[in-house]
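Take a look at the letters that make up each chain.
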Amino acid sequence: MPNRRFADGEVVMGRWPGSVLYYEVQVTSYDDVSHLYTVKYKDGTELALKESDIKSQSSFKHRKSQSSSSSPSRRSTSRSRSRSPGRPAKGRRRSSSQSREHKDDKKKIIQETNLVLLKPSENNTRRYNGEPESTEKNDTACVILEQKLKPDLDMERVLEQYSLRPRKEEKKKEEIYSEKKIFEAIKTIEKASSKPKELEFGGRIGTFMLIFFLPAAVFYLLLMCKQDDPSLLNFPPPLPALESLWEARVFGVFLLWFFLQALFYLLPIGKVVEGLPLSDGRKLQYRINGFYAFILTAAAVGTLLYFQFELHYLYDHFMQFAVSAAVFSMGLSIYLYIRSLKAPEEELAPGGNSGYFIYDFFTGHELNPRIGSFDLKYFCELRPGLMGWVVINLAMLLAEMKIHNQSMPSLSMILVNSFQLLYVVDALWNEEAILTTMDITRDGFGFMLAFGDLVWVPFVYSLQAFYLVDHPIAISWPVAAAITILNGIGYYIFRSANSQKNNFRRNPADPKLAYLKFIPTATGKGLLVTGWWGFVRHPNYLGDIIMALAWSLPCGFNHILPYFYVIYFICLLVHREARDEHHCKQKYGLAWERYCQRVPYRIFPYIY
């Protein structure tokens, strides 16, 4: 086994990966298996480096002392004297020798810049993964080069103004021009490498098919729920006439609902918070007033019921409302893609900048499309679809009472409405937590989120209530109590896991979180290995799946259709978990591998 050259705690110079620049670091540990040193930079970044990428400080100090033997003042004085025609030849000889040294230094700068260009992918990959540290290091390198070139650029302007350029200075002009070309090449490479290398959802073909499959799946599920025997064997269901699927009045009601929620969003109530830093360092502001909007919506619906407005109108025209929402989401997606073509490069979504029209249209080309301060993605994420889900459930409850001549809704319908109402209220009460989710920080706003927020959430998530209207299920109180306990367990895991994560992200030094242990990472963040996050890697997903099962159990076991939501939710969360795994592995590197060894199960303990 080779001996260690550097000891723990020793301050050395470490090379930043992908460049020839060295920074002062402190050795924190050494891996005998991989023979890698874990070092910590001054800004808190931790990386694993080979021994060949680490040098002692003495070698750098020796070079520095050699280069600083002639003071800058003397060099500037000799440079100014060499340009005086009355100076003796000795002064000119000294100036020419020093200019040769200066020229050699500039050649070295160009060589260093070329070396940085040899491996730009590592730095750009880190930028793509949201690591501000590597971007900061790269930008610092560019600033150093600009500062070294600034005296020559200033002299360039003087010589151009007074036409005093000697012929020997022509080479300097060419070198400065070549350095400018290098900086332009760096920008070009960064733009090219910002495009995603791996396409999700089956790439261009997969996303093209999903644009048609998702609306077809929604209409199929709704048509099946209307059948007397909603068995999957009865395929295909009877298709309604096309003219019956569209009604202008229904589309007008949908538009009224959408713009009413937009009005509530714009009200100057609730606090204003900042989101996570963007790629250019900016932080967008968001008004947190979703819960207030929910109260205003409840008051508006209560007013309609007070004046005897028949809310089961939603049930009678449910397919038409679904078609109206799908048409609106498609129109919104087209608008979003057209406006994204004029968006600056730094405002594009990391995963929706592939250069392929269909793929970028589906995943979303622009990250945070805004009209003034109105954030379209953030608004659609929680407002019209999520609150519409609650209103649809209430309409189904009233429709059940009317169709079956009941003075009270069934116990099954009450359970479904109560469980899902709790879920929506919790999301609106903890609205600020959504700012750290992948939907907001990484996914663009395109057809996937527009259709998901406005169509899939309100019309598929309400599937259990829609099913119970025509297929009532009677359950006993003990069964209802058991289902309620199951939903409570799922909600407790979901909420407590998310609270641990969000509180730790906001203030890791909070004394209330002192019992939590974590693995430090190169990004400055920590990976929790105790609490719920030490139980499985995604405990919030586990809570989601348990709640989804509790929502479906009141529908009985006569048909599998009400359990579609559970199956879909498992597939969705497994897909998201795979995305999270890939993203975290790239972002946290060795720290994520250590975390996976510490927490081997992803969602289901002892299973997956």
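Everything numeric in this text was worked out from a predicted model, so none of it was measured.

S.K.: Lay out the overall build of the protein chain with the relevant residues and their values.
M.R.: When helices and strands are tallied, the protein chain shows 22 helices and eleven strands. Relative to its full complement of 608 residues, the protein chain shows a buried share of 46%. For the protein chain, contacts bridging at least 24 residues in sequence account for 72% of all contacts bridging at least 6.

S.K.: Outline the nonpolar core, supporting the account with residue identities and numerical values.
M.R.: Ranked by internal contacts, the top residues of the largest apolar core, which has 127 residues, are Met396, Trp456 and Phe459. If sequence neighbours within four positions are ignored, methionine 396 has contacts with Tyr315, Phe318, Met413, Ala465, Phe466 and Val469. Core analysis: the second largest hydrophobic core is formed by 15 residues, Tyr23, Val39, Leu49 and Ile54 among them.

S.K.: Lay out the pattern of salt bridges with the relevant residues and their values.
M.R.: Side chains carrying opposite charge are able to pair once their charged atoms draw close together. Under the definition given, this model contains nine salt bridges. One salt bridge in this structure joins glutamate 431 and arginine 383, with 3.0 Å as the shortest N-O distance. With glutamate 431 in the loop between helix H15 (411–429) and helix H16 (438–441) and arginine 383 in the loop between helix H13 (376–382) and helix H14 (384–403), this residue pair connects regions lying 48 residues apart in the sequence. A single salt-bridge network, built from bridges that share partners, covers Asp280, Arg282 and Glu347.

S.K.: Which residues make up a nonpolar patch on the surface, and what are the values?
M.R.: Taken together, the side chains of Ile205, Phe208, Met209 and Phe212 present a nonpolar region at the surface, about 480 Å² in accessible area. Among the structural elements, phenylalanine 212 can be located in helix H7 (residues 203–225). Residue class for phenylalanine 212 comes out exposed when judged on its relative accessible area of 54%.

S.K.: Give a description of the packing of helix H9 (residues 290–306) against H14 that names residues and reports values.
M.R.: For the pair H9 and H14, the least separation of the axes is 11 Å and the interaxial angle reads 30 degrees. What the angle tells us is that H9 and H14 run roughly parallel. Crossing angle aside, the handedness with which H9 passes H14 is right-handed. Only Met387, Val390, Val391, Leu394 and Leu398 of H14 make contact with H9, whose side of the interface consists of Gly290, Ala293, Phe294, Thr297, Val301 and Leu305. By residue class, the composition of the contact of H9 with H14 is nine nonpolar, two polar and no charged.

S.K.: An account of the pairing of strand S7 (residues 285–288) is requested, with residue identities and associated values reported.
M.R.: Burial along S7 is one-sided: Tyr286 and Ile288 are buried, while Gln285 and Arg287, pointing the other way, are not. Bridge count between strand S6 (residues 271–274) and S7: four bridges; the pairing is antiparallel. Within S7, the residue paired with valine 272 across the bridge is arginine 287.

S.K.: Would you mind going over helix H8 (residues 248–266) in detail, with residue names and values included?
M.R.: Between its first and last C-alpha, H8 extends 27 Å over 19 residues, near the 27 Å set by a 1.5 Å rise per residue. Residues of H8 that are buried: Val250, Phe254, Trp257, Phe258, Gln261, Ala262, Phe264 and Tyr265. Each buried residue of H8 sits inside an arc of 165 degrees when the element is viewed along its axis, so together they form one side. For H8, the exposed residues lying more than 90 degrees away from the buried face are Ala248, Arg249, Leu256, Phe259 and Leu266.

S.K.: Could you give me a rundown of the UniProt feature "transmembrane region" (unreviewed entry) in the protein chain, with the residues and numbers involved?
M.R.: Residues annotated in UniProt with the feature "transmembrane region" (unreviewed entry) correspond here to residues 201–223, 248–267, 288–307, 319–338, 449–469, 475–494, 515–536 and 556–575. As annotated, residues 201–223 comprises 91% helix and 0% strand, and the C-alpha atoms at either end are separated by 26 Å. Span residues 319–338 is 100% helix and 0% strand, its end C-alpha atoms 29 Å apart.

S.K.: So, the sheet that holds strand S5 (residues 54–55): which residues are in play, and what are the values?
M.R.: The five strands lie next to each other as S4-S3-S2-S1-S5, forming an open sheet whose pairing is antiparallel. Single-partner strands in this sheet number two, and they are strand S4 (46–49) and S5. Relative to strand S3 (residues 36–41), strand S2 (residues 22–31) runs antiparallel, the two being bridged by six bridges. Bridge pairing in S3 links aspartate 31 to leucine 36.

S.K.: Break down helix H20 (residues 539–552) for me, with residues and values.
M.R.: Here H20 contains 14 residues, and its C-alpha end-to-end distance of 21 Å stays within 8% of the 20 Å for a straight helix at 1.5 Å per residue. Counted residue by residue, H20 has 13 buried out of 14 residues, so it is predominantly covered.

S.K.: Run through the packing of aromatic side chains, naming residues and quoting values.
M.R.: The tally for this structure, following the rule as stated, stands at 43 aromatic pairs. Residues phenylalanine 291 and tryptophan 429 carry aromatic rings whose centres are separated by 5.1 Å and whose planes lie at 85 degrees to one another, so their mutual orientation is edge-to-face. Residue phenylalanine 291 is found in helix H9, and its partner tryptophan 429 is found in helix H15; the two are separated by 138 residues along the sequence. Centroid distance phenylalanine 318 to phenylalanine 459: 5.2 Å. Interplanar angle 50 degrees. Geometry classified as tilted. One end of the pair, phenylalanine 318, is in helix H11 (residues 318–340); the other, phenylalanine 459, is in helix H17 (residues 447–460), with 141 residues separating them in the sequence. According to the relative accessible area criterion, phenylalanine 318 is buried, its value standing at 3%. Phenylalanine 459 gets classed as buried once you look at its relative accessible area, which sits at 5%. Within the aromatic cluster, the residues linked to one another by ring pairs are Phe254, Phe258, Phe259, Tyr265, Tyr286, Phe328, Phe374, Tyr378 and Phe379. Seen from the ring of tyrosine 356, arginine 204 lies directly overhead, with NZ or CZ sitting 4.1 Å from the centre.

S.K.: Quick rundown of the side chain of glutamine 500? Include the residues and the values.
M.R.: Summarising the element assignment, glutamine 500 is placed in helix H19 (residues 477–506). Glutamine 500 sits in the buried class, given a relative accessible area of 13%. There is a polar contact of 3.2 Å between the side chain of glutamine 500 and the backbone nitrogen of tryptophan 532. Contacts of glutamine 500, omitting those with residues within four sequence positions, involve Tyr515, Leu528, Thr530, Gly531, Trp532 and Trp533.

S.K.: Break down the packing of H9 against H15 for me, with residues and values.
M.R.: Direction vectors running N to C along H9 and H15 enclose 135 degrees, while the axes themselves pass 7 Å from each other. Here H9 lies oblique to H15, going by the angle between them. Contacts between H9 and H15 pair Gly290, Phe291 and Phe294 from the former with Leu421, Val425, Leu428 and Trp429 from the latter. Among the residues forming the contact of H9 with H15, the class breakdown is six nonpolar, one polar and no charged.

S.K.: Any details on the environment of lysine 283? Residues and values, ideally.
M.R.: By secondary structure assignment, the location of lysine 283 is in the loop between S6 and S7. Look at lysine 283 and you get partly exposed, because its relative accessible area is 43%. For the pair lysine 283 and valine 273, spaced ten residues apart in sequence, the C-alpha to C-alpha distance is 9.5 Å. Among residues more than four places away in sequence, those in contact with lysine 283 are Glu274, Gly275, Leu276 and Pro277.

Calculation criteria
Residues numbered from 1 in each chain as written. Predicted model: local features only at pLDDT ≥ 70, side-chain atom pairs only at ≥ 80, totals over all residues. Heavy atoms only, no water. Helix = DSSP H or I, 4+ residues; strand = E, 2+ residues; numbered from the N terminus. Buried < 20%, exposed > 50% of the residue type's maximum accessible area, 1.4 Å probe, protein only. Contact = heavy atoms within 4.5 Å. Core = buried A, V, L, I, M, F, W, Y, C linked by side-chain atoms within 4.5 Å. Salt bridge = Lys/Arg side-chain N within 4 Å of Asp/Glu carboxyl O. Patch = residues over 30% accessible without salt bridge, like charges linked within 9 Å, V, L, I, M, F, W, Y side chains within 5 Å. Areas by Shrake-Rupley, 256 points an atom, 1.4 Å probe, with all protein chains shown as cover. Axes fitted to C-alpha atoms, helices over the stretch in contact; angles between N-to-C directions. Parallel < 35°, antiparallel > 145°, perpendicular 65-115°, else oblique. Left-handed = near helix turned anticlockwise from the far one by under 90°. Nonpolar A, V, L, I, M, F, W, Y, C, P; charged D, E, K, R; others polar. Pairing = 2+ DSSP bridges. Expected span 1.5 Å × (residues − 1). Arc of directions from axis to C-beta. UniProt positions renumbered as here; feature names shortened; annotations may be inferred. Phe/Tyr/Trp six-rings, centres within 6.5 Å; stacked < 30°, edge-to-face > 60°. Lys NZ or Arg CZ within 6 Å of the ring centre and 35° of its normal. Polar contact = N/O pair within 3.5 Å; in protein donor to acceptor, adjacent residues only side chain to side chain.

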